[in-house]
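If you want the building blocks of each chain, they are given just below.
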Amino acid sequence: MSVTRPIALGIETSCDDTACAVVAGDGRVLSSTVSSQLEAHRPFGGVVPEIASREHLRNWPAVSEAALQEAGVTLGDVDIVAATKGPGLIGSLLVGLSLGKAIAYAQGSRFHAVHHLEGHLFSPFLEATGEKAERPPEEFIGLVVSGGHTALYEVKAGETSTLAETRDDAMGEVFDKVGKRLGLPYPQGPLVDQLAEIGDGERFPLPVALCSDGSLDFSYSGLKSQTLVEIQRLESAGVETYLGETREPEVPRDVVDLLAGFRRAAVGQLVDRLARLLEQRPFRQLAVSGGVAANRLLRPSLEAWAENNDVDLRLVALRYSGDNAAMIAHAALLRDERGLADDPLEADAASRIPL
Ligand code: KG4
Ligand code: ZN
C-alpha cells in the first residue's frame, strides 16, 4: 500500500493517556497507540497530575515505538510532528510537547502545536476502518463532550467560533462525580453509563437544565447536585448505595433507575441545545466528538434527532472518542494544508487556552 504524504506523527499527553499515532496525508490512520495510566491513578479515585507526568515519560519510549512499528515507518519518514499544547495538565502537556518539539527540531520536520479541542472537533471525520478520512465540510457545527468540555462550535472555512459552552461542570465530569459518590472506580463515566443501561429512566425524571437568559450555554452542576441529593435520599431510606466492586445485576434497582434518570437528563440537555440552535440558525452538518460521545444513550439519541431533522451527523468512531493522538495528527494535517505551522523552538504549553 502506498502511503499518501505528508506523514504526520501525533503526540497526545494532555491528561492521563500517553498516546502516539501516525496518520497519512489523506487522513488514513496508520497506527494509533494509547497507553492508559488507569492502574497508576486508580488508588486515588482520580488523576494525580504529578504521577501522570512521570508516567508519560516512562511510557513514551514503548508507546512511540509501537506506533511507528505498526505504521511501518521510521522517524526519518515523518514530515510533520504534532503535539497537544493544551488545555490539560501542565506537567503532562509539557512532556508531550517537549518530546514533539525535540523530535521535529532534530529531524527537521514541520511542527504543529495543536489545541486539544481542535483534535476532538475534527475527529468524527477519521475512519475507524483504516480508510482515508472524509474531508470535513467547509461549514459544520461541532459538539465536543468530554471530561473537561461541553461546547458547541461553528467551523467555517477552517475558522472556529464558540457558540455555547458549559457555565459550570462538563458532562463527563458530572458522570465521573456521580459515579465517585457511589464508590465506583475512576473513570466512572463508562460504568455509570453501563448501569444506566439497565435502569428505568422514567422513575426519576430529573429536569433538563435551561439557562434563564435563553442562551444555548450548557449547565451540568444543577443536575449533579439533584442526583447527589437523590442518592442521599435513597441512603436515608435504607438503600445500599455504595457500589465499590458491585456490578449489575447486584446493584439495587433504585440506584440503576436513578442513574438512568440522570443520564436521560444529561443527554436530553444536548438534544435541547441542538434543537434550539437549529431553530436559531439552521445547519445541515453536525460532528460530535469527545470521550462522552461513547455514551450508549447519546449515540442513538443524536442519531434519531439528526435523522428527524434532516441533519447529516458524523458521530466520532468509538476508537477515537476518548483522547488519542490520531486526532492530533489529523488536525495538524488540516492546519498544514492551510500553510500553518509552529516554530518548535517557540511553542509553549498552557493548561488553559481558548480555541
Ligand atoms: O475526551 P476524553 O477522553 O478526555 C477529555 O478530554 O476530557 O473524555 C473523558 C471523559 C471522562 O469524564 C469519562 O468518564 C467520560 O469521558 N466518558 C463517558 C463515557 N465514556 C467516557 N461518559 C459517559 N458515558 C460514557 N460511555
Ligand atoms: Zn479530550
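Anything mentioned here points back to the structure above.
Right, let's walk through the structure included here. Bear in mind that the values here come from a model prediction, so they are computed numbers and not experimental data. (Residues numbered from 1 in each chain as written. Chains lettered and ligands numbered in written order. Predicted model: local features only at pLDDT ≥ 70, side-chain atom pairs only at ≥ 80, totals over all residues. Heavy atoms only, no water.)

## Here we look at empty space enclosed by the protein
Test applied: The method works on a 1 Å grid over the protein atoms by themselves. A cavity is a set of points holding a 1.4 Å probe that cannot get out, a pocket is an open set with protein on both sides within 12 Å along at least five of seven lines, and residues with an atom within 4 Å of a point line them. Grid points are joined across faces, edges and corners, and a volume is the space filled by probe spheres set on the points. A helix here means a DSSP run of H or I that spans at least four residues, while a strand means a run of E at least two residues long, and both kinds are numbered starting from the N terminus.
Enumeration over the complete set of coordinates arrives at 1 cavity of 30 Å³ or more. Lining the largest cavity, in full, are Phe125, Glu134, Pro137, Gln285, Leu286, Ala287, Asp312 and Arg314. Within the residue set of the lining of the largest cavity, elements represented by two or more residues are strand E9 (285–289) and strand E10 (312–315). With 3 residues, E9 is the largest single contributor of residues to the lining of the largest cavity.

## Describing the layout of surface pockets
This is how it is decided: Each residue is assigned to one class: nonpolar for Ala, Val, Leu, Ile, Met, Phe, Trp, Tyr, Cys and Pro, charged for Asp, Glu, Lys and Arg, and polar for all the others, Gly among them. Where a domain begins and ends is set by an automatic assignment or by a domain database.
If you add up the space inside the second largest pocket, you get close to 420 Å³. Lining the second largest pocket are 22 residues, and of these Phe122, Ala157, Gly158, Glu159 and Arg338 sit closest to its centre. Looking at the lining of the second largest pocket, the elements that each hand over two or more residues are helix H4 (116–122), strand E8 (159–165) and helix H10 (326–337). Here the lining of the second largest pocket gets 4 residues from one element, more than from any other, and that element is H10. Split by residue class, the lining of the second largest pocket holds 11 nonpolar, 3 polar and 8 charged. Composition of the lining of the second largest pocket by domain shows at least three residues from each of domain 1 (8–128 + 320–337) and domain 2 (139–316).

Remember that the coordinates give geometry; whether it matters functionally is a separate question.
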